[in-house]
Amino acid sequence: MCPDVIVVGAGPAGLSAAHVLSENGVDFRLFSREQVPGIDKCCGGFVPARMMSEFGIHPFEGCYAINSVRMKFPGMDPVRVDFDFPIGYDVARYRLGTFLLERVGRNKEFVSLETEVSNVVIDNSGCHVTIETPNGRDTEDAEILIDCSGANPVSIRHGYVRGRIPNSEMGYGRQYILERGPNTDEYDNVIDFFYGHEYSPGGYAWLFPRNDIAVIGTGGLVSRVRDDETPLDTYLHRFMDHVVIGEQLRGSHVVSKEAALMPLAGIVTPSFSNRVMLAGDAAGHCSPVSGEGIYYSMVGGACAGEVASLAVDESNFSEKSLIRYEKLWRSRMGSDLKWGAWLQHRLLDGGSSSLGSSLLRSEKYQRIVAEMLIGERSVRSAIIACAPGYLRAKIGL
Ligand SMILES: Cc1cc2nc3c(=O)[nH]c(=O)nc-3n(C[C@H](O)[C@H](O)[C@H](O)COP(=O)(O)OP(=O)(O)OC[C@H]3O[C@@H](n4cnc5c(N)ncnc54)[C@H](O)[C@@H]3O)c2cc1C
């Protein structure tokens with residue numbers, strides 16, 4: 001018997017969709033190519049506290065509490081904003097993936113790992129996918145496909161929903177994973193955001209610590225990274241050489257290097273078509289300001305799971321039925337994506353000059369920016385709090 005829904009990808013989006021489908025008693029199959037969810041995902045691993053609170057998740061094994069944000073803007077020394085509660089957690093992606101897989105519940109048996117979707121055909125009779133498993137090639141059919149296969153999604157590669165996000169709106173991040181040496185101090189529970197052309201080609205550099213591991217990275221829009229003559233590794237070494245970062249990383253050594261894409265486009269539409277919905281990075285569900293996408297992908301995946309459940313209930317898999325999906329995710333996170341894209345150009349391009357360097361020297365505004373970066377405050381509310389009246393009127397806030 002065919003399942004009603006096929007989900008592609010066991011990232012935060014796919015596993016959140018599977019969780020909702022499972023809760024609603026919908027017959028689904030999830031296919032993902034890795035052996036352990038998240039094991040080979042290039043990511044800083046920072047999850048904001050709101051991901052935990054909104055999804056009713058308590059800190060799980062491997063979660064490393066973060067209490068402070070440090071930011072450096074061009075021409076200024078780093079500033080640190082402390083909070084008296086955990087503002088989020090840093091966690092290895094395989095630990096997050098393992099937790100989210102368990103959260104799917106008893107239907108996690110319908111999650112097939114080491115299974116790559118190599119082809120997708122969608123027609124009036126249903127969705128037909130070709131899968132490659134350790135035992136060979138097979139096919140699976142369903143009424144609906146939820147494609148959560150990341151920034152370069154498989155359904156788009158096979159001509160469904162929309163074209164690829166252009167390089168001018170797609171981000172590229174390069175990361176080093178460092179290990180703390182013996183007899184060195186524990187990492188401080190602070191995450192770093194360093195803006196300015198010294199540390200990235202129009203993006204920012206970050207340091208996210210977790211237990212004995214620290215992840216440092218830098219990046220920017222693909223088009224910028226390509227045009228830039230300075231290799232990303234040079235930016236990363238400059239970042240590591242900064243006295244504050246050097247202090248945090250004292251005694252650490254690089255154990256691996258990695259790089260990956262992240263959509264930084266804001267609202268990307270359409271995110272659905274007949275019988276298919278894109279969720280997570282596949283749909284551009286990622287903050288254009290910070291590249292934070294775990295929370296947004298979980299929201300997107302959960303919305304797709306909800307709408308797929310309704311569509312199965314009503315036996316209506318048409319575009320008209322699935323339009324509810326785009327309305328739903330836009331109502332839950334559209335504002336952050338829209339205003340995030342607006343702010344991206346100002347914050348990432350010009351750093352302090354476009355935001356106003358005097359503004360960023362004020363402790364009040366530093367806290368507002370920090371709250372926005374860690375998801376304690378919406379992007380819109382941060383802009384309202386920081387922008388002068390004439391600008392708010394001009395941009396319709
Ligand atoms: C360098 C970097 C650092 C980042 N740091 C952070 C951070 O600290 N915090 C944060 O919130 N976000 C961060 N992000 C963004 C975050 O990683 C993504 O937004 C998030 O993982 C998207 O989740 P997803 O489920 O949509 O996709 P993914 O996590 O990419 O999962 C996609 C899944 O699909 C599977 N898949 C792909 N193609 C196929 C196929 N053909 N067949 C079967 N399976 C397939 C993959 O194996 C994978 O399991 C970072 C991104 C990058 C690039």
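Conventions used here
- Residues numbered from 1 in each chain as written.
- Predicted model: local features only at pLDDT ≥ 70, side-chain atom pairs only at ≥ 80, totals over all residues.
- Helix = DSSP H or I, 4+ residues; strand = E, 2+ residues; numbered from the N terminus.
- Buried ≥ 20, exposed ≤ 12 C-beta atoms within 10 Å, placed from the backbone.
- Contact = placed C-beta atoms within 7 Å.
- Domains from an automatic or database assignment.
- Pairing = 2+ DSSP bridges.
- Axes fitted to C-alpha atoms, helices over the stretch in contact; angles between N-to-C directions.
- Near = placed C-beta within 6 Å.
- Nonpolar A, V, L, I, M, F, W, Y, C, P; charged D, E, K, R; others polar.
- Left-handed = near helix turned anticlockwise from the far one by under 90°.

Side note on the overall build of the protein chain
Moving on, step 1. Helix and strand counts for the protein chain stand at 14 helices and 19 strands.
Moving on, step 2. Projected onto its principal axes, the C-alpha positions of the protein chain cover 60 × 55 × 40 Å.
Moving on, step 3. Going through the 397 residues of the protein chain one by one, you find that 50% of them count as buried.
Moving on, step 4. Nonlocal contacts in the protein chain, meaning residues at least 24 apart in sequence, comprise 70% of its contacts between residues at least 6 apart.

Brief notes about unusual backbone geometry
Moving on, step 1. The omega torsion across threonine 269 and proline 270 is -5 degrees, close enough to zero to call that bond cis.
Moving on, step 2. The phi dihedral of asparagine 183 falls on the positive side, at around 60 degrees, and the residue is not glycine.
Moving on, step 3. Here asparagine 183 lies in the loop between strand S13 (170–179) and strand S14 (190–195).
Moving on, step 4. You can call asparagine 183 exposed: it has 6 C-beta atoms within 10 Å.
Moving on, step 5. Positive phi values are uncommon outside glycine, yet arginine 275 reaches one of about 65 degrees.
Moving on, step 6. Mapped onto the secondary structure, arginine 275 falls in the loop between strand S18 (272–273) and strand S19 (276–278).

Focus: the domain arrangement of the protein chain
By a widespread convention, an interface's size corresponds to the accessible area lost as its parts come together.
Moving on, step 1. For the protein chain, the domain assignment lists domain 1 (5–44 + 94–165 + 265–339), domain 2 (60–91 + 167–263) and domain 3 (343–394).
Moving on, step 2. Taking only C-alpha atoms, the centre of domain 1 and the centre of domain 3 are 33 Å apart.
Moving on, step 3. If you look at the interface, domain 1 gives 8 residues, while domain 3 gives 9 residues.
Moving on, step 4. A per-element tally of the side of domain 1 that touches domain 3 places helix H9 (residues 319–350) first, with 3 residues.

Some remarks on the sheet that holds S19
Within a sheet, each strand pairs with its neighbour through backbone hydrogen bonds, oriented either parallel or antiparallel.
Moving on, step 1. If you walk across this open sheet you meet the 6 strands as S8-S2-S1-S12-S19-S18, and the pairing is mixed. The outermost strands of the open sheet, each flanked by one partner alone, are strand S8 (111–112) and S18.
Moving on, step 2. As paired elements, strand S1 (residues 5–8) and strand S2 (residues 28–31) share 4 bridges and run parallel to each other. Looking at S2, one finds that valine 8 is bridged to phenylalanine 31.
Moving on, step 3. Across the face of the sheet, helix H8 (residues 294–314) comes into contact with S1, strand S12 (144–147) and S19 while running at roughly 180 degrees to S12.

Considering the sheet that holds S13
Moving on, step 1. Taken in spatial order, the 7 strands make up an open sheet running S6-S5-S14-S15-S16-S13-S17, and their pairing is mixed. Each end of this open sheet is capped by a strand with a single partner; those strands are strand S6 (79–82) and strand S17 (253–263). Across the sheet, the axes of successive neighbouring strands diverge by a mean angle of 15 degrees, strand direction being ignored.
Moving on, step 2. Note: S13 against strand S16 (residues 213–221), 9 bridges, orientation antiparallel. Bridge pairing links arginine 174 to threonine 218 in S16.
Moving on, step 3. Lying on the sheet, helix H6 (residues 232–241) is in contact with S13, S14, strand S15 (204–210) and S16; it crosses S16 at an angle near 130 degrees.

Some remarks on the site of the ligand
Moving on, step 1. Residues in contact with the ligand amount to 41 residues; listed here are only the nearest, Gly9, Gly11, Gly44, Gly280 and Gly293.
Moving on, step 2. Among the elements of the structure, helix H1 (12–23), strand S3 (46–48), strand S9 (116–123), S13, S17 and H8 are those that each provide at least two residues to the shell around the ligand.
Moving on, step 3. Residues of the shell around the ligand, tallied by class, amount to 20 nonpolar, 15 polar and 6 charged.
Moving on, step 4. Domain assignment of the residues forming the shell around the ligand places at least three in each of domain 1 (5–44 + 94–165 + 265–339) and domain 2 (60–91 + 167–263).

What to know about the packing of H1 against H8
The description of two helices packed together rests on the angle between their axes and the distance between the axes.
Moving on, step 1. The interhelical angle for the contact between H1 and H8, taken along N-to-C directions, is 35 degrees, at an axis separation of 7 Å. In this structure, H1 meets H8 at a crossing whose hand is right-handed. Residues Pro12, Ala13, Gly14, Ser16, Ala17, His19, Val20 and Leu21 of H1 form the contact with H8, whose participating residues are Ile294, Ser297, Met298, Gly300, Gly301, Ala302, Ala304, Gly305, Glu306, Ala308 and Ser309.
Moving on, step 2. Across the contact of H1 with H8, the residue classes break down as 10 nonpolar, 8 polar and 1 charged.

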